[in-house]
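# Analysis of the macromolecular model
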Amino acid sequence: MKLHQLTLTAFGPFAGREQIDFAKLGDNPLFLIDGPTGAGKSSILHAVCYALYGETTDSERKELGIRCDYAEPETLTEIELEFSIRGQRYRIHRVPTQMRPAKRGGGETEQKATAHLLRIAEDGSEETLVPKKKTDADARIKEILGLTADQFRQVMVLPQGKFRELLLAKSDDRQAILSTLFQTEIYQRIEQRLKDRAGDIERQHKKFEDSKTEALLELHLEDVDALIEAIATAVEAVEAKNQAKSDAYAIKSVEEQKLKSAETLKKSFEQQTLKQQELAERQSRKPAVDSARDKLRRAEKAAAIAPEWKALRVLDQQIQKRQEERERAAVTAQQASTEAASAAEHLKATEESYKQRDELKTTETRLTGYQKVLAGYESLRDEVRKANAAHTAAAARMSELEQGIARFDESLKERNAEIEMLTGQVGQKAELTEQLLSAKRRWELAIKLDGALAEQARREQAVTEAQAALGQANSAHQQASTQADRLEMIWFTNQAAVLAKKLELDHPCPVCGSLEHPNPAQFADDSAPVDQDAVEQARAIASARLTERHTAETRVSERQSAVQSQQQLIAELRQELEVDLFFSAEALKDEYARLDQQLNQISACEHRLESLKAIQKSEESKRELLQAEQTELNRTLPKLSGDKAAAESRLISAENELPENYRSLDALSTAIRDTQLAIEKLEQAYQAAQKRHSEASNRLTAANSALDSLTRQLDELQGNRAEQLTAWQNALSESEFESQSDFEASLMDEASAETLRARIVQYDETVKSLQAQLALMAEQLKDQQPPELEALQERYQQAESAYQQAEHSWAEAQQQKALFERTLEKIRSLEEQQQAVKQQYEVVGKMAKAASGRGEVRVSLERFVLGNLLDSVLSVASQRLYTMSKGQYRLVRQNETEQKRNVTAGLDLAIDDAYSGKTRPVATLSGGESFMASLSLALALSEVVQQRSGGIQLDTLFIDEGFGSLDQESLQLAIDMLVELQATGRTIGIISHVSELKDQMPLRIDVKCGRDGSYVSMSQA
């Protein structure tokens, strides 16, 4: 990191605004900050540290104690630092918490701390990384520099009175610093990955073991041997119970066969009883069947003579039918005779009336002649009517034309006046259109401005919300990080205590090998149990909170950029509106609506004007047509008067030739039509009378013929009946029937006879079948007795129950055996998988123990790597210290065996005294010796870190005092060493009162003090 410019306002002893331009000191300068005691030399280092971290190099100095007492009340304390690192340039501006005059009313109010961080591009453009929030800036600076405030004070600043902190730091604190500087987190991750993998394998192994135990516990067995023994016992039990099941099945089968035979015999006895009952019932119906058999016999006898009886009945029916038909034919012949007489009289009367036809035909001929005369008369009357109508219409049309022309003249006069008025209004359209467009543009701009202002408020609210979220994320990250650090410290402390509890007197320490244990590690006081998983979980939470904080920072930056864009848009809109800013969007809208209404009215006037012009043109055309028609009527009206008089004269001549009654075509046509109707009526009546007479004569002849035919048929049927009656009486007398009524009672239709016959046959066959079946059953059941089923059923049920119990017992034994076998198979499978996991743990587990310092070498992987790196640093530092101490001292790592510690050892420092030939703790050095050792260590750290090209750059170093504790020779050696280091590209700033330094360093920042505060000047001479 290189400093470019520092600006202070009302900070420390500086009452006004002081600016230090480090660029004026040149590239990689070695410079002195000089000034009297209390002038504020250390305050410059405080300002640099505060600008970066919000803390001074003195952690005890609070924000409210860094404001200058000489500053004006209204002047805010501010610090601004511009620096660069890894090719990126930044500027951070901080305002600490302070009291300032209230803007309203009297008194003071608290000014909250703020921080604004920018990144400066090569072209000079600036990008806001943190807009305001202090906690966000603290986290972002830590991310950029890669160092916490404490680490910055230890490796880049040697504060006044605290330069021994890095030299005397605890091993754990030194590990944190070295891990950050050399970025050895990868070794931590390797340790954790190995530990996680070993833990996974252990958990998997335990899971297999638990599964085996659970499987055995379910069977209430202690181990696999017991399971194998249980399987053997189960096999024997299955075989024994299977034999018992077979025996029970044999007994059951015998009893079942006995029961079935007894049930069959019982059914046979029951069938015999049922058949006997059925035969008795059939035999009880024998008299009825014999009666039916006699009835069927008489019916068959009656059927033999029934044809003669049926033939006689048919003749009787035919004779009755012919008698009825003859009576109806006689009535019909009488009616036909009466109708024929009436028709003859009607024909005679009609012939008398028909003689009037000749007279009517003569009248028809005369009236037809009048039609020709009337045709000319009607034509003349039409001419007269047409002449009168034409003359009247022409006169009326002339009057209408005169009135129409007058109306058109009046209308055209009104149209001309309205057209002239509308033409003047339409002429304002262009000007009004321009005003409307301008009003619309101003209204739209006002709407956009209102929307932009609303959007600006929304975006500012979003910025506030994002900043609040960022503050919460930063707070959450700090809390999570602090908690993770605390848990990790407890875990490391407790791990050491766990190992210390196992130490035994006169037995070597597994870490250092010592046989003595004078100061074993103790458990952390009042600490809850903490394991490595809890530490890792806390670290994961802290990492997640850091990611959330970065996301929140990005969101704040994006929303602030959106606010700036919106502000620019609002400024552009206000510039465009100019004077209209004093009018609201609603007022501009009303103005636009008013102008738009006026323009719509003008548009309506424009349409009305076009319509009026079209109407005017149409009316002028119509008036010209009316005037032309009036001129034509004035020319034709005299001719129409002459035609009317001539037509009336011809009509009077025609009326003298035609009787008055027939001067009307309707009257003449009616007379002709009446005459023709009368002639047609006479002809139709005569023809109808002739037709009626002919038809009546024909009907009379047909009726007489039908009557004669029926009379002959009736005589013939009566002769046939006499013959058939004789034949029937002979057949009846020869039969067994006493009378015709006895015969008719014995008659039966064929279907009934067949049904009765079938019933008799069925009865006979059923009786024979029952008798045969009973004879067979009697033979089969001979010497047999009905069985006792209840005893047999009871014995069968007992056998069935015994078999079911044996089968259930066998099934249970079979299931138990199968369960044991499945469990054994499952355990064998688990043991195979467990063996594979065990082989993995042989490798991964040993690696995890070795990496975490729990193996034969009791040093963790990261601490081992850091020990090697520290050796490199101490090698360089020892060269410088050896020179400054005139060959007496070298810095070395303290012997781990002598430390008598566990895995937390390995990074403690010691001093190798060449004069005494012994190694002793660095805490035994004097003040001047400690300063030389601290300076050597800080310079060596800077050099080694730079050589490794790590992510941390230590190319700037500040040293506050300490040189006064050196003698003249040591001072010169220290200055030579700093000059040599500065030549390699380092920037080194020294604060000291030593006059020799002022003489040897031309580049100076002079701090002077006065009654009103201190001020700064630059010196290059």
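This report concerns the structure included in the present document. Note that the structure is a prediction, hence the values are computed from the model and not measured.

Here is what the cut-offs are and how they apply
Residues numbered from 1 in each chain as written. Predicted model: local features only at pLDDT ≥ 70, side-chain atom pairs only at ≥ 80, totals over all residues. Heavy atoms only, no water. Helix = DSSP H or I, 4+ residues; strand = E, 2+ residues; numbered from the N terminus. Buried < 20%, exposed > 50% of the residue type's maximum accessible area, 1.4 Å probe, protein only. Pairing = 2+ DSSP bridges. Axes fitted to C-alpha atoms, helices over the stretch in contact; angles between N-to-C directions. Contact = heavy atoms within 4.5 Å. Salt bridge = Lys/Arg side-chain N within 4 Å of Asp/Glu carboxyl O. Core = buried A, V, L, I, M, F, W, Y, C linked by side-chain atoms within 4.5 Å. Expected span 1.5 Å × (residues − 1). Parallel < 35°, antiparallel > 145°, perpendicular 65-115°, else oblique. Left-handed = near helix turned anticlockwise from the far one by under 90°. Nonpolar A, V, L, I, M, F, W, Y, C, P; charged D, E, K, R; others polar. Phe/Tyr/Trp six-rings, centres within 6.5 Å; stacked < 30°, edge-to-face > 60°. Lys NZ or Arg CZ within 6 Å of the ring centre and 35° of its normal. Patch = residues over 30% accessible without salt bridge, like charges linked within 9 Å, V, L, I, M, F, W, Y side chains within 5 Å. Areas by Shrake-Rupley, 256 points an atom, 1.4 Å probe, with all protein chains shown as cover. Lys, Arg positive; Asp, Glu negative; His and termini not counted. Charge placed at Lys NZ, Arg CZ, Asp CG, Glu CD. Bend = angle between axes of the 7 residues up to and from the residue.

## Details of the overall build of the protein chain
Within the protein chain one finds 21 helices and 17 strands. Scored against the burial criterion, the 1021 residues of the protein chain give a buried share of 38%.

## Some remarks on the sheet that holds strand β11 (residues 889-893)
Read across the open sheet, the three strands follow the order β11-β12-β13; overall the sheet is antiparallel. This sheet does not close on itself; its edge strands, each paired only once, are β11 and β13 (918-921). Taken pair by pair, the neighbouring strands of this sheet meet at an average axis angle of 35°, ignoring direction. Sheet topology places β11 next to strand β12 (residues 909-913); five bridges connect them, and they run antiparallel. By the bridge assignment for β12, Arg890 is matched with Asp912. In the packing of helix α17 (residues 861-884) onto the sheet, the strands contacted are β11 and β12, and the crossing angle to β11 comes to about 175°.

## What to know about the pattern of salt bridges
Applying the stated rule across the entire model yields 38 salt bridges. The salt bridge partner of Arg285 is Glu281, with a shortest N-O separation of 3.2 Å. With a relative accessible area of 35%, Arg285 lands in the partly exposed category. Beyond isolated ion pairs, a larger network of salt bridges with shared partners links Glu82, Arg89, Arg91 and Glu126.

## Regarding unusual backbone geometry
Unlike most non-glycine residues, Arg86 shows phi in positive territory, near 50°. With respect to the helices, strands and loops of the structure, Arg86 is situated in the loop between β4 (78-85) and β5 (88-95). Phi at Lys886 is positive, roughly 60°, even though this residue is not glycine. Relative to the helices and strands, Lys886 is located in the loop between α17 and β11. A residue is classified by how much of its surface remains accessible, and Lys886, at 36% relative accessible area, is partly exposed.

## Digging into the nonpolar core
Residues Leu6, Leu52 and Phe83 are the most contacted members of the largest nonpolar core, which totals 46 residues. A per-element tally of this core places helix α1 (residues 41-53) first, with nine residues. Contacts of Leu52, omitting those with residues within four sequence positions, involve Met1, Leu81, Phe83, Ile92, Arg94, Ile141, Leu145 and Phe152. Formed by 44 residues, the second largest nonpolar core is a distinct cluster that contains Val865, Met932, Leu971 and Ile975.

## Things to note about the sheet that holds strand β9 (residues 126-130)
Here six strands make up an open sheet; going across it, the order is β2-β1-β4-β5-β8-β9 and the pairing antiparallel. At either margin of the open sheet sits one strand with a lone partner, and together these are β2 (14-21) and β9. Strand-to-strand, the axes of this sheet are offset by a mean angle of 15°, without reference to chain direction. Note that β5 and strand β8 (residues 114-120) share seven bridges and pair antiparallel. If you follow Arg91 over to β8, its bridge partner there is Leu118.

## A few points about α1
Here α1 contains 13 residues, and its C-alpha end-to-end distance of 19 Å stays within 8% of the 18 Å for a straight helix at 1.5 Å per residue. Here α1 lies mainly inside the structure; 13 of its 13 residues are buried. Within two residues after α1, Gly54 carries a phi angle of roughly 75°, on the positive side.

## Notes on the packing of helix α7 (residues 224-284) against helix α15 (residues 750-780)
Relative to each other, α7 and α15 sit at 150°, their axes nearing to 10 Å. Here α7 is positioned roughly antiparallel relative to α15, judged by the angle of their axes. Considering the relative orientation of α7 and α15, their crossing is left-handed. Residues Gln271, Gln272, Lys275, Gln276, Glu278, Leu279, Arg282 and Gln283 of α7 touch α15, and the partners they reach there are Tyr763, Thr766, Val767, Leu770, Gln771, Gln773, Leu774, Met777 and Ala778. When grouped by side-chain class, the residues that make up the contact of α7 with α15 number seven nonpolar, seven polar and three charged.

## Side note on the pairing of β2
Sheet analysis places strand β1 (residues 2-11) next to β2, joined by six bridges and oriented antiparallel. Following the sheet pairing, Thr9 is matched in β2 by Arg17. The antiparallel pairing of β1 with β2 creates a hairpin that spans two residues between the two strands, and Gly12 there sits at a positive phi of about 60°.

## Regarding the packing of aromatic side chains
Scanning the entire structure with this criterion turns up five aromatic pairs. Between Phe31 and Phe958, the ring centres sit 6.2 Å apart and the planes meet at 75°, which makes this aromatic pair edge-to-face. Taken together, the positions of Phe31 in strand β3 (residues 30-34) and Phe958 in strand β14 (residues 956-960) put the pair 927 residues apart, joining distant regions of the chain. Looking at Phe958, the relative accessible area reads 4%, which means it is buried. With centroids separated by 5.6 Å and ring planes inclined at 25°, the aromatic side chains of Phe83 and Tyr90 adopt a geometry described as stacked. Tyr90 shares its class with Phe83; the two are buried. One cation-aromatic arrangement involves Lys245 over Trp810; the distance from NZ or CZ to the ring centre is 3.9 Å.

## Quick notes on a negative patch on the surface
Residues Glu222, Asp223, Asp225 and Glu229 make up a contiguous surface patch of negative charge. Structurally, Glu222 can be placed in the loop between α6 (185-218) and α7.

## As for the environment of Asp1012
One can find Asp1012 in the loop between β16 (1004-1010) and β17 (1013-1019). Taking the C-alpha atoms as reference, Asp1012 lies 8.3 Å from Ala71; in sequence the two are 941 residues apart. Asp1012 has contacts with Ala15 and Tyr70, leaving out every residue within four places of it along the chain.

## Describing the pairing of β5
Two strands pair when backbone bridges link them, and β4 and β5 are joined in this way by seven bridges, in the antiparallel orientation. From the neighbouring strand, Leu81 faces β5, where its bridge partner is Ile92. Between the end of β4 and the start of β5, which pair antiparallel, lie two residues, with Arg86 showing a positive phi angle near 50°.

## A word on the environment of Tyr803
Position of Tyr803 relative to the elements: it lies in helix α16 (residues 789-851). Taking the C-alpha atoms as reference points, Tyr803 and Ala244, separated by 559 residues in sequence, lie 8.5 Å from one another. Among all residues touching Tyr803, those that are not within four sequence positions of it are Lys245, Ala248, Tyr249 and Lys252.

## Considerations on α16
With 63 residues, α16 extends 89 Å between its outermost C-alpha atoms, agreeing within 8% with the 93 Å of an ideal straight helix rising 1.5 Å per residue. The largest bend along α16 measures about 35° and falls at Tyr841.

## Topic: the environment of Gln888
The residue Gln888 is located in the loop between α17 and β11 in this model. Classification of Gln888 as buried rests on a relative accessible area of 14%. Residues within four places of Gln888 in sequence aside, it is in contact with Tyr882, Asp912, Asp913, Ala914 and Tyr915.

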